[in-house]
Amino acid sequence: MSHLDDLFAFLSIPSVSALPEHAADVERCADFLVAKLSSLGFAAKKHLTDIHPIVVAHSPKVEGKPTVLIYGHYDVMPVDPLAEWISDPFTPTVRDGRVYARGASDDKGEIMALIHGVERVLREDGALPLNVTFLLEGEEERGSESLFRFVQSPEVQQELACDVMVVSDTGMAAPDVPSFSYGLKGLCCFELEVSAPAMDLHSGIFGGAVANPITTLCEMIATTHDENNHITVEGFYDGVSEIADWERESWKRVPGMSDTELAQLTGVPQLRTETGFSGAECVYARPTFELNGISGGYEGTGSKTVIPTKAFAKMSCRLVPGQDPARIQDLCEAHFRKVCPPSVRMKFTRGHIGAAYLSDPHSPYGKAAQQALESTFGNPPVLVREGGSIPIVAEISQRLGKDALFLGLDLPDARIHSPNENMRLDIFEKGITMTATMLRLMARAC
Ligand code: BES
Ligand code: MN
Ligand code: MN
């Protein structure tokens, strides 16, 4: 099969990890990868877990050469709102040099570019110049629960032993400006439920006498930031490291990341950053506290004069090196307990967590990767950190004692997680070239 046939077949499988009705599709996607990697001579195995399978595949052993561990995820985000898609999310469709499909960029396009980079070296050179292990999971978009458990086992750590980890699951500044990322944000999620009356009440008969849970929830949430958009949760910034001067300078030159460009790309009338920091600095290196959803009460047609019994909010914090995600959850719970008035009850529920990650961009492997990016895309990569998270990376890196390198291909307009997700086909092709070049350079230089 040609590389595009492979990509389209991969994109046609609706491997949505969050939805139980797609469990069989997720498994079929793992089978697809096992078959593909086996056809390249890899020893590929599907490991069943309590949720979705993990695929591990090893190239034939090359003695005395380093091992590159390639991590990626073959699961995708749900597609809703489906009506916003111009073509069906699981019928890959080419328009204007881009393939449109859920997962086209995050992360199936990137994985397939890596696999076909390996395939190209095999075809052109007859064999790989070093050892490659693929570790592909089906739960990244829902928190990687099974992989966290999997990598705790000493046998698995031995099987995954490597010299460096390569991840293509991050952003790229512009089509001709590659990004070499050396950091990911951490993440912690939680939910808050505020309740007061035992049932929905008539807002005239009881209004004014009891607390309204929605109003109280909003008041509590409003206490989390001050007028400088600084987070007021006590202890939140403990251990947060300063942005280095070289980082500030380097980030000023990242195409598309000026405050004006960020406003234009996102469609906001004006940015709203933490006072004293640019948009890029906030995205790359400042912790955040976000509301992801809020609900409660009557949301149907017309009006209904009611004091609802409950209100809910889903929240998450993006974290930077120095912040412990479980501790941040504790601090946020303590904050809400402190500001919760006696007229309501509150329930705080913890969700998934992952630590931030920072690596050394200047290691010999890092240099080989940057050289591969430069020779493929015609410009040196910009050095950036990511605002996004891949929670399992810090865990694997720590367990194996090795650094991860991020060579992302997601353009700012790739619409990952959104309707009409896409990947430029020329970028996909370059991803293949970049992978082949990187493997050859690493085998020579490391
Ligand atoms: N590939 C993304 C992360 C990403 C995208 C990093 C672009 C940098 C640039 C990943 O699949 C993702 O979406 N991660 C989630 C975390 C997960 C626990 C839901 C995220 O960052 O929200
Ligand atoms: Mn991803
Ligand atoms: Mn994602």
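Because the structure is a prediction, the values reported are computed rather than measured.

Scoring rules and cut-offs
Residues numbered from 1 in each chain as written. Chains lettered and ligands numbered in written order. Predicted model: local features only at pLDDT ≥ 70, side-chain atom pairs only at ≥ 80, totals over all residues. Heavy atoms only, no water. Core = buried A, V, L, I, M, F, W, Y, C linked by side-chain atoms within 4.5 Å. Buried < 20%, exposed > 50% of the residue type's maximum accessible area, 1.4 Å probe, protein only. Helix = DSSP H or I, 4+ residues; strand = E, 2+ residues; numbered from the N terminus. Contact = heavy atoms within 4.5 Å. Donors = N, O, S within 2.8 Å, 3.2 Å for Na, K, Ca; no water. Tetrahedral: all angles 85-135°; square planar, octahedral: opposite > 155°, others 65-115°. Salt bridge = Lys/Arg side-chain N within 4 Å of Asp/Glu carboxyl O.

Visitor: Run through the nonpolar core, naming residues and quoting values.
Guide: Across soluble globular proteins, nonpolar side chains show a tendency to be buried alongside one another. Counting residues in hydrophobic clusters, the biggest one holds 76 residues, and the most contacted among them are Phe 42, Tyr 74, Phe 134, Val 166, Leu 405 and Met 442. The element best represented in this core is helix H13 (residues 425-445), accounting for 11 residues. With near-sequence residues (within four places) excluded, Leu 405 lies in contact with Val 164, Met 165, Val 166, Val 167, Phe 180, Tyr 365, Gly 366, Ala 369 and Met 442. Phe 190, Leu 192, Val 233 and Phe 336 belong to the second largest nonpolar core, which has 29 residues in total.

Visitor: Tell me about the coordination of the manganese ion (ligand 3), and please be specific about residues and values.
Guide: For the manganese ion (ligand 3), the full set of protein donor atoms is Asp 106 (OD), Glu 141 (OE), Glu 141 (OE) and His 417 (NE2), and the range of their distances to it is 2.1 to 2.5 Å. Considering all 6 donor atoms around the manganese ion (ligand 3), the spread of angles at the metal, 55 to 155 degrees, places the coordination shape in the irregular class. All donors to the manganese ion (ligand 3) come from one chain, and their sequence spacing reads D-x34-E-x275-H. Owing to a relative accessible area of 5%, Asp 106 belongs among the buried residues under this scheme.

Visitor: Explain the pattern of salt bridges to me, using residue names and the numbers behind them.
Guide: The full count for this structure, using the stated rule, is 24 salt bridges. Between Asp 31 and Lys 46 there is a salt bridge, and its shortest N-O distance comes to 2.8 Å. Residue Asp 31 is found in helix H2 (residues 23-39), and its partner Lys 46 is found in strand S1 (residues 43-47); the two are separated by 15 residues along the sequence. Classification of Asp 31 by relative accessible area gives partly exposed; the value is 36%. By relative accessible area, Lys 46 is classed as partly exposed at 25%. Across the pair Glu 193 and Lys 310 runs a salt bridge whose closest N-O atoms are separated by 3.9 Å. Of this pair, Glu 193 sits in strand S10 (residues 186-195) while Lys 310 sits in strand S14 (residues 310-319), and the two are 117 residues apart along the sequence. You can call Glu 193 buried: its relative accessible area is 15%. In this structure Lys 310 comes out as partly exposed when scored by relative accessible area, which is 35%. One network of salt bridges, with partners in common, ties together Asp 330, Glu 333, Arg 337 and Arg 350.

The values are spatial; any link to function lies outside them.
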